[in-house]
Amino acid sequence: MQLVRNWFNKISLDRIQLELMNTAYGSGHASLSRLDPRGLLIWYLFFAIVPWFLNSYIVLAGMCLFVIITTVLSRVTPFIIIVLCLGLIGQVGWLFIISLFFGGDISSALPLLKLTLKLSIVSLASITVFSGMDPEKISDGLLALGVPAAFSFSLSYGYRILPVLFEEFRNVLLSYRLRGKAPERHGVLYWRLGAYYLKLLVYAFFPLMLATAKRSRTTVEALETRGFSYGMKNPAAKKLKLSHLKLQRRDVLFLGGSALYVALLFWTSSSFN
C-alpha cells in the first residue's frame, strides 16, 4: 500500500504540467534543436516509414539503438518515456496473452518482438523530432517543405496551447474537488478513489471544451488583427519568415552519418544471411 501511495504522490497534476511545459518550451537546450528542421523532418519520415517494410532483426535492432541515442540527445522528459514504455508493454503484452489464449505458444513472442522493435523505432523517432525541437522550428520546417501554412501553424499552436489547456483542466478539476467530497474509505487498491477521480474527469470535460473554444476564438481574433491570413497567402511574407533556415555542415554530417549507419546495418544483415 505504501508503494502505491508513493507512486500516486509522484504522478501528480503539478508534475505532469511541469513535464508538458518542459516539452513545449524547454527543448531549445537539446543538441538536435540546432539542426535544420527540414533535414530533421526528412530524417523522421525515413525512420517512420522504412521500418514497416523490414524483416531483419539485425537492421531493426540497430535502428532502434540509433533512435535511442537520438532520443537521449534530444533530452526528452522522463514522463514521455514512461508513457511510451507503458503503451508498448500494454499493447504487445495483451497481444501475447491473446495469442496464448487462442492456441499459440512461446514462439509467437518472436513476431511480437519484431512488432515491438518497429513501434519503438517509429515512436522514438517521433519523440526525437517533436520533443527535441522548438514547435516554431517544426512549423517552419513543414512550411519550407511545402506543407500548407494553416497546417504548419496548427501543429505549432497545438504544442504551445497544450500546457495552457492542462492548466485550465487542472483549475476545473480542483473546483470540482473543492465542491465535492472524496470517499472516506479508499477500498482495495484504491478503487473507490479511482472511481471518484474518473467521475470528476467526466464532469470536467464539458467546461474544458467551453474554455478551449473561448480561448481559440480569442486567439483567432488576435491573429486576424495582425494580418495572419494575408501573411499566409503572401509569398514575400513566407520568404521572410523562412529566411533564417540554412543548411549547415552539422546538418549534412547528421544526415550523412545516419544514411551511412543504416547502409552498414543492411550490409551486416546481408552478410549474416
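Residue positions within a chain follow its written sequence, with the count starting from 1. Local features in a predicted model are, by the rule used here, given only for residues with pLDDT of at least 70; side-chain atom pairs are given and counted only at 80 or more, and totals for whole chains, interfaces and linings are based on all residues. Computation of side-chain values covers all heavy atoms of the structure but excludes hydrogens and water.

Novice: Explain the confidence of the model for the chain here, please?
Specialist: Note: predicted coordinates in regions of low pLDDT should not be interpreted at a detailed level. pLDDT expresses, on a scale from 0 to 100, how confident the predictor is about each individual residue. With 86% of its residues at a pLDDT of 70 or more, the chain has an overall mean of 78. Starting at the N terminus, helices and strands are each numbered in turn, a helix being any DSSP run of H or I of at least four residues and a strand any DSSP run of E of at least two. Taking the mean pLDDT of every element in the chain, the minimum, 52, falls on helix α1 (residues 2–10) and the maximum, 90, on helix α3 (residues 37–49).

Novice: Where do I start with the nonpolar core in this structure?
Specialist: Across soluble globular proteins, nonpolar side chains show a tendency to be buried alongside one another. Of all hydrophobic cores here, the largest spans 34 residues; its most connected members are W43, F47 and V129. Contributing elements (two or more residues each) for this core: α3, α4 (57–73), α5 (78–101), α6 (109–132), α7 (135–144) and α12 (249–272). In terms of residue count, the dominant contributor to this core is α6 (nine residues). Look past the residues within four positions of W43 in its chain and what remains in contact with it is F66, V67, T70, A125, T128, V129, F254, L255 and S258. Within this scheme, the nonpolar core is defined by two criteria: the residues are buried Ala, Val, Leu, Ile, Met, Phe, Trp, Tyr or Cys, and they are joined through side-chain atoms within 4.5 Å. Here's how the labels work: a residue is buried when its accessible area is under 20% of the maximum for its type, exposed when over 50%, partly exposed in between, all with a 1.4 Å probe on protein chains only. In this structure, L173, Y190, A204 and L208 belong to the second largest nonpolar core, which totals ten residues. By definition, residues are in contact when any of their heavy atoms lie within 4.5 Å.

Novice: Looking at this structure, how should I read the pattern of salt bridges?
Specialist: The term salt bridge refers to a side-chain nitrogen of Lys or Arg lying within 4 Å of a carboxyl oxygen of Asp or Glu. Taken as a whole, this structure holds three salt bridges when the rule is applied. In this structure, D36 engages R38 in a salt bridge whose closest nitrogen and oxygen atoms are separated by 2.9 Å. The exposure class of R38 is partly exposed, given its relative accessible area of 25%. Between E221 and R217 there is a salt bridge, with its nearest N and O atoms 3.3 Å apart. With E221 and R217 both in helix α9 (residues 191–225) and four residues apart, this pair spans about one turn of that helix. Note on R217: relative accessible area 59%, which makes it exposed.

Novice: Just checking my understanding: could you explain the packing of α3 against α4 for this structure?
Specialist: Helix-helix packing is characterised by the crossing angle of the two axes and by the distance between the axes. Here α3 crosses α4 at 145°, and the two axes come no closer than 12 Å. The handedness of the crossing between α3 and α4 comes out as left-handed. Note on element contacts: α4 touches α3 through M63, F66, V67 and T70, opposite W43, F46 and F47. When its residues are assigned to classes, the contact of α3 with α4 shows six nonpolar, one polar and no charged. Axis definition: a line fit to C-alpha positions, over the contact stretch in the case of helices; interaxial angles, taken between N-to-C directions, run 0 to 180 degrees. Note on convention: the crossing is left-handed when the near helix lies turned anticlockwise from the far helix by less than a right angle, right-handed when the turn is clockwise. For this classification, the nonpolar set comprises Ala, Val, Leu, Ile, Met, Phe, Trp, Tyr, Cys and Pro, the charged set comprises Asp, Glu, Lys and Arg, and every other residue, Gly included, is treated as polar.

Novice: What exactly am I supposed to notice about the packing of aromatic side chains here?
Specialist: One pair of aromatic rings is described through two measures. These are the centre distance and the angle between the planes. Stacked, tilted and edge-to-face pairs are distinguished by plane angle, under 30 degrees for stacked and over 60 for edge-to-face with tilted covering the rest, among Phe, Tyr and Trp rings (Trp via its six-membered ring) whose centres lie within 6.5 Å. Throughout the structure, instances matching the rule amount to ten aromatic pairs. Taking the centre distance of 5.9 Å and the plane angle of 20° together, the rings of F153 and Y157 count as stacked. With F153 and Y157 both in helix α8 (residues 149–179), this residue pair falls four residues apart, about one helical turn. Given a relative accessible area of 23%, Y157 falls into the partly exposed group. Clustering of aromatic rings is evident, with ring pairs tying together W43, F46, F47, F66, F254 and Y261. By the criterion adopted, a ring carries a charge over it if an Arg CZ or a Lys NZ lies within 6 Å of its centre and within 35 degrees of its normal. The cationic tip of R179 hangs over the ring face of Y176; the distance from NZ or CZ to the ring centre is 5.2 Å.

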